[in-house]
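What the coordinates show
In case you want the letters, here they are:
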Amino acid sequence: MKKTLKLLALAAALSITGAAAAIAETVKVGIAAEPYPPFTLPDADGNWEGWEIEFMKAVCAAAKLDCVVTPVAWDGIIPALNAKKIDMIVGSMSITEERLKTIDFSDKYYNTPTGIIGAKGEDIKPTPEGLAGKTLGVQVSTVHQAYATKHFAPAGVEIKEYQTQDEANQDLAAGRLDAVQADAIALGAFLESDQGKACCDYKGDVAQDVEVLGPGVGVGLRKGETELKDKINAAIKTIREDGTYEAFSKKYFDFDIYGG
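Read on for an overview of the structure.

About the thresholds
The numbers attached to residues start from 1 for each chain and follow its sequence in the written order. A pLDDT threshold of at least 70 governs which residues receive local features in this predicted model, and a stricter bar of 80 or more applies before side-chain atom pairs are shown or counted, although totals over entire chains, interfaces and linings include all residues. No hydrogens and no water enter the side-chain calculation; it runs on all heavy atoms of the structure. DSSP bridges decide pairing: two strands pair if at least two such bridges lie between them. Labels follow the DSSP assignment, with helices taken as runs of H or I lasting at least four residues and strands as runs of E lasting at least two, numbered in each case from the N terminus. Grouping buried Ala, Val, Leu, Ile, Met, Phe, Trp, Tyr and Cys residues that are joined through side-chain atoms within 4.5 Å yields what is termed a nonpolar core. Remark: exposure states derive from per-residue accessible area (1.4 Å probe, protein chains only) relative to the maximum for the residue type, with buried under 20%, exposed over 50%, and partly exposed in between. Every residue pair with non-hydrogen atoms within 4.5 Å of one another is taken to be in contact. Residues adjacent in sequence count toward polar contacts only when both atoms are side-chain atoms; beyond that, a polar contact is any pair of N or O atoms within 3.5 Å, and within protein one must be able to donate a hydrogen and the other to accept it. We call a crossover right-handed when, viewed with the strands running away from us, the connection from the first strand over the helix to the second turns clockwise. Two aromatic rings from Phe, Tyr or Trp, using only the six-membered ring of Trp, form a pair when their centres are within 6.5 Å; if the ring planes differ by under 30 degrees the pair is stacked, by over 60 it is edge-to-face, and anything between is tilted. Geometrically, a lysine NZ or arginine CZ counts as sitting over a ring once it is within 6 Å of the ring centre and also within 35 degrees of the ring normal. Throughout this description, the term salt bridge denotes a Lys or Arg side-chain nitrogen within 4 Å of a carboxyl oxygen of Asp or Glu.

On the basis of which strands lie adjacent, the open sheet formed by five strands has the order β4-β1-β5-β12-β6 and mixed pairing. Either end of the sheet is taken by a strand with one partner, and the two such strands are β4 (66-72) and β6 (104-110). Relative to strand β12 (residues 217-221), strand β5 (residues 88-89) runs antiparallel, the two being bridged by two bridges. Each residue of the ladder has a partner; that of Ile-89, found in β12, is Gly-220.

Right, dumping it as C-alpha cells:
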C-alpha cells in the first residue's frame, strides 16, 4: 500500500512538473491592436487572422511553442516587450539600427518595398521634389515616419502623423491628405478595397534607405533571450525549407514576399 502511495505521489509530482514545463513554453505574441491587412486583422468574431497570423502559427508549431496572440497598441508595443507583458513581437516590425538599441530581432521573415499612394489624377512622384508642398500621412512610431522626417520634411513636405494606418488612409480618401506612405503590400490592400479603388492609386516606391527602413521585417525579442531567438530562427528556416511558408503565402500574394 505504501509503495502504491509513493508511486502515486511520484506520478503526481511528475504531472505537476510536466504542467509547469508546458506553462513555461507559453509565449505571448504581441501584435498591433490596430488592423493591418493583409497581415493582421480581426474577423467578425474578433479572432485575428491574416498572413502574419499564419506565419506566427507556423513558426510556433515548428518551435514547439504554445503561442497566444496578444494585441497591443502599436506605439506601446516595444515598451510592452521590455516590461515582459509580451514575449515577442510579430507585427511587421522592420529591423533597424535604432530599434536594435533597445530590442533584438530574429532573422528576416519578409521584405517588401515602401511606397506612396495619392489621389487619382494627381501628378505625385515618390521623391522629395515630387512631394514638395504636399501633405503626407504616415503612421506614428514606424520606419515610414522616420523616413518621411529624414527625406521629405526638409524638402517642404508637411508630415501628418496617425495612430493607425487606417486613419491615414481614410484621411487620404476624404481629401485631407495629398499622399500616404507605408509598406507597399499594406497600401495595395487598401487600393483593392472599394474605397481605395474609387479614390487613389499607387505613385511608386520610395528610394531605398537601409539605415532607416532596415533590411526587412523580423520577430522582435528582448535583449539577451538567446534561447528563444535560436528557436525562432530555426523555426523560420524550417518553414522556409519544408514549403510551409510558401504554401500559406500563396493564399495572399502572387509574388515572393520574402524578398531579397
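With that settled, the discussion passes to the nonpolar core. Nonpolar side chains in soluble globular proteins tend to end up buried together. Counting residues in hydrophobic clusters, the biggest one holds 31 residues, and the most contacted among them are Trp-51, Phe-55, Met-88 and Tyr-109. Elements represented by at least two residues in this core include exactly β1 (26-32), α2 (51-63), β6, α7 (184-191), β12, α10 (226-241) and α11 (244-249). Ranked by residues supplied to this core, first place goes to α2 with seven residues. Look past the residues within four positions of Trp-51 in its chain and what remains in contact with it is Pro-38, Phe-39, Tyr-109, Tyr-110, Tyr-245, Phe-248, Ser-249, Tyr-252, Phe-253 and Ile-257. If you look at the next biggest cluster of nonpolar residues, it comprises 14 residues, including Leu-131, Tyr-147, Ala-148 and Ala-179.

Residue placement: Thr-70 occurs in strand β4. Separated by 3.1 Å, the side chain of Thr-70 and the backbone oxygen of Val-68 make a polar contact. Sequence-distant contacts of Thr-70, that is, excluding residues within four places in its chain, are made with Lys-28, Val-29, Gly-30, Ile-31 and Ile-86.

Most of strand β8 (residues 135-139) sits inside the fold, with five of its five residues counted as buried. Of the two faces of β8, the one lined by Thr-135, Gly-137 and Gln-139 and the one lined by Leu-136 and Val-138 are each fully buried. Chirality of the crossover, the property in question, places the unit of β8, helix α5 (residues 143-152) and strand β9 (residues 158-162) among those that are right-handed.

Quick look at α5 now. All of the buried residues along α5 are Val-143, His-144, Gln-145, Tyr-147, Ala-148 and Phe-152. Looking at the buried side of α5, the elements it contacts are β7 (114-119), α4 (128-131), β8, β9, β10 (179-183) and α9 (210-213).

Bringing the packing of aromatic side chains into the picture now. A complete count under the given rule lists 17 aromatic pairs for this structure. Ring geometry for Phe-39 versus Phe-253: centroids 6.2 Å apart, planes at 40°, classification tilted. Taken together, the residues Phe-39 in the loop between β1 and β2 (41-42) and Phe-253 in the segment after α11 connect sequence positions 214 residues apart. Ring centres of Trp-51 and Phe-55 lie 5.8 Å apart, and the angle between their planes is 10°; this geometry places the pair in the stacked category. Placement of the pair is Trp-51 and Phe-55 together in helix α2, with a separation of four residues, close to one helical turn. Each member of the pair, Trp-51 as well as Phe-55, is classed as buried. Taken together, the ring pairs connect Tyr-36, Phe-39, Trp-51, Phe-55, Tyr-109, Tyr-110, Tyr-245, Phe-248, Tyr-252, Phe-253, Phe-255 and Tyr-258 into an aromatic cluster. Between Lys-108 and the ring centre of Tyr-258, over which it is positioned, the NZ or CZ distance is 4.0 Å. Seen from the ring of Tyr-245, Arg-240 lies directly overhead, with NZ or CZ sitting 4.9 Å from the centre.

The next point concerns the pattern of salt bridges. Scanning the entire structure with this criterion turns up 13 salt bridges. A salt bridge links Lys-251 to Glu-54, with the nearest nitrogen and oxygen atoms 2.9 Å apart. Separated by 197 residues along the polypeptide, Lys-251 in the segment after α11 and Glu-54 in helix α2 bring together distant segments of the chain. The exposure class of Lys-251 is exposed, given its relative accessible area of 56%. The class for Glu-54 is partly exposed, based on a relative accessible area of 22%. Close ionic contact of Arg-176 with Asp-171 constitutes a salt bridge, the shortest N to O distance being 2.8 Å.

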